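# Secondary and tertiary structure notes
The residues making up each chain are set out below.
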Amino acid sequence: MRNKPARMKMYRIKKDKVKKDKVKKDKIKKQLLLAAAGAILLFAGCANASHSKQPKPERAHTEHKEDTGAKSETEAGQDLQETASQENSPETAAAPDGKENPPETATLPDSQDTGSLVRPEGMSLAQRFAVPDGFRRTKAKEGSLLAFLRNYPVKKDKSPVRLYDGTLKTNQNSHAAVFKLPIEQEDLQQCADSVIRVYAEYFWQTGQYGRIAFHFVNGFYAEYTKWRDGFRIQVNGNDVVWEKTAGYDDSYENFQKYLRIVFSYAGTLSMEAESKAIVFRQIRAGDILIRGASPGHVVMVVDLCKDAEGKKAFLLAQGYMPAQEFHVLKNPLHEDDPWYYEQEAEYPFFTPEYTFLEGSLRRLDYQ
């Protein structure tokens, strides 16, 4: 009988371990089921979508495209000249939504203790989303990318995500809000292009024109200031050069034409090459989770908050395929809470429509 307490103690320890293992397995099972459900919804949307994004250079890829008649890499290289020349054709330019952002001083409280963290009356990112109890938004310097993102207008609460042609995206269960970010009227502004658009609009609106520059997948460096000064991109197969064919034009319409060319020839492969790996404790606004591939995907950090111990929570946003409105993502682990938490961040990293593997968190050279 003297050994009975020890045996009972060992039994309790073993029982507690089995219980903890079960909880961990249940969590992983839930994550995998959520990821699978998102993949099924995405596949259904892709099957019904029409893909017309312009081809990229020979080493380029077409973002997220499935077997829908996309051209081979060789065919894409052969068609570059025709694609580049299309930038001079007349187009209907979308209005530069967000050029006048709401004032930074929101009257809504920064956090709330109970209920949903989504505030339907808020019409900017920071006004729409309260931070979790015990968290405060990180400081944002005036004129910073973080301040730009927090003040950026969002559509009315519960607005659907629309594709480039105005039709509804098939999966309407993955987003918490929709940005009023301009989108072109062709299937160009997909996932990496949406991140490029955010950075380009930020630099444009803050007068940092020299920072508007992005690499094509074949390595060509497309600088907006050269485009503004009248140089145009000429393509011969996989060779890309600048030629002076126009006059100086600093209009927003000309800026849009520049972006259309960038969207045609940049992607997750070039974006990944323009970034470096970081860890979650270093995360800040403008960082990305990316898989540079064909197909690949990327999502962007658009807001941050911290608790008293310095642990971070962050909001993610994405564009996707087909080209669609830039939108804030839900967190599959929290039905009513779109924030992603540093203490929960691990690989594989689950988002509603994509799962990122080890090393996906990166910081862009644009910052």
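Values in this document were obtained by computation on a predicted structure and should not be read as measured data. (Residues numbered from 1 in each chain as written. Predicted model: local features only at pLDDT ≥ 70, side-chain atom pairs only at ≥ 80, totals over all residues. Heavy atoms only, no water.)

## Concerning the overall build of the chain
Applicable threshold: By definition, any uninterrupted DSSP run of H or I lasting at least four residues is a helix, any uninterrupted run of E lasting at least two residues is a strand, and each is numbered from the N terminus. Under the scheme applied here, a residue whose accessible area is under 20% of the maximum for its type counts as buried, over 50% as exposed, and between as partly exposed, the area being computed with a 1.4 Å probe on protein chains only. Every residue pair with non-hydrogen atoms within 4.5 Å of one another is taken to be in contact. For the area figures, the Shrake-Rupley method with a 1.4 Å probe applies, and any residue is considered shielded solely by the protein chains shown.
Within the chain, the secondary structure is distributed over 9 helices and 15 strands. Here the chain, with 367 residues, has 51% of them falling under the buried criterion. A separation threshold of at least 6 residues defines the contact pool for the chain, and within that pool the share at least 24 residues apart is 65%. Here the chain displays about 18000 Å² of accessible surface, and carbon together with sulfur accounts for 51% of that area.

## Side note on the pattern of salt bridges
Filter applied, for reference: A carboxyl oxygen of Asp or Glu within 4 Å of a side-chain nitrogen of Lys or Arg is what we treat as a salt bridge.
Within this structure, the stated rule accounts for 11 salt bridges. Arginine 150 is the salt-bridge partner of aspartate 303, the closest N and O atoms lying 2.7 Å from each other. Highlighted residues: aspartate 303 in strand β9 (residues 297-307) and arginine 150 in helix α5 (residues 145-150), separated in sequence by 153 residues. The pair aspartate 303 / arginine 150 is uniform in exposure class, with both members buried. The closest approach of N and O atoms between arginine 197 and glutamate 201, which form a salt bridge, is 3.1 Å.

## Regarding the nonpolar core
Where we set the bar: Buried Ala, Val, Leu, Ile, Met, Phe, Trp, Tyr and Cys residues form a nonpolar core when they are joined through side-chain atoms within 4.5 Å.
Phe179, Ile233, Met271 and Met300 are the most contacted members of the largest nonpolar core, which has 64 residues in total. Here this core gets 10 residues from one element, more than from any other, and that element is helix α6 (residues 191-205). Not counting residues up to four positions away in its chain, the partners in contact with methionine 271 are Ala192, Val195, Ile196, Ile288, Ile290, Val298, Leu364 and Tyr366. Core analysis: the second largest hydrophobic core is formed by 18 residues, Val299, Phe314, Leu316 and Leu361 among them.

## Regarding the confidence of the model for the chain
Rules: The predictor rates its confidence in each residue with pLDDT, a number between 0 and 100.
In this model, the chain carries a mean pLDDT of 79, and residues with pLDDT of at least 70 account for 69%. Contacts of residues 1-25 to residues separated by more than four positions or lying in other chains number 0 contacts, the stretch itself having pLDDT below 50. A low-confidence stretch, residues 27-109 stays under pLDDT 50, and its non-local contacts, those more than four residues away or across chains, total 159 contacts.

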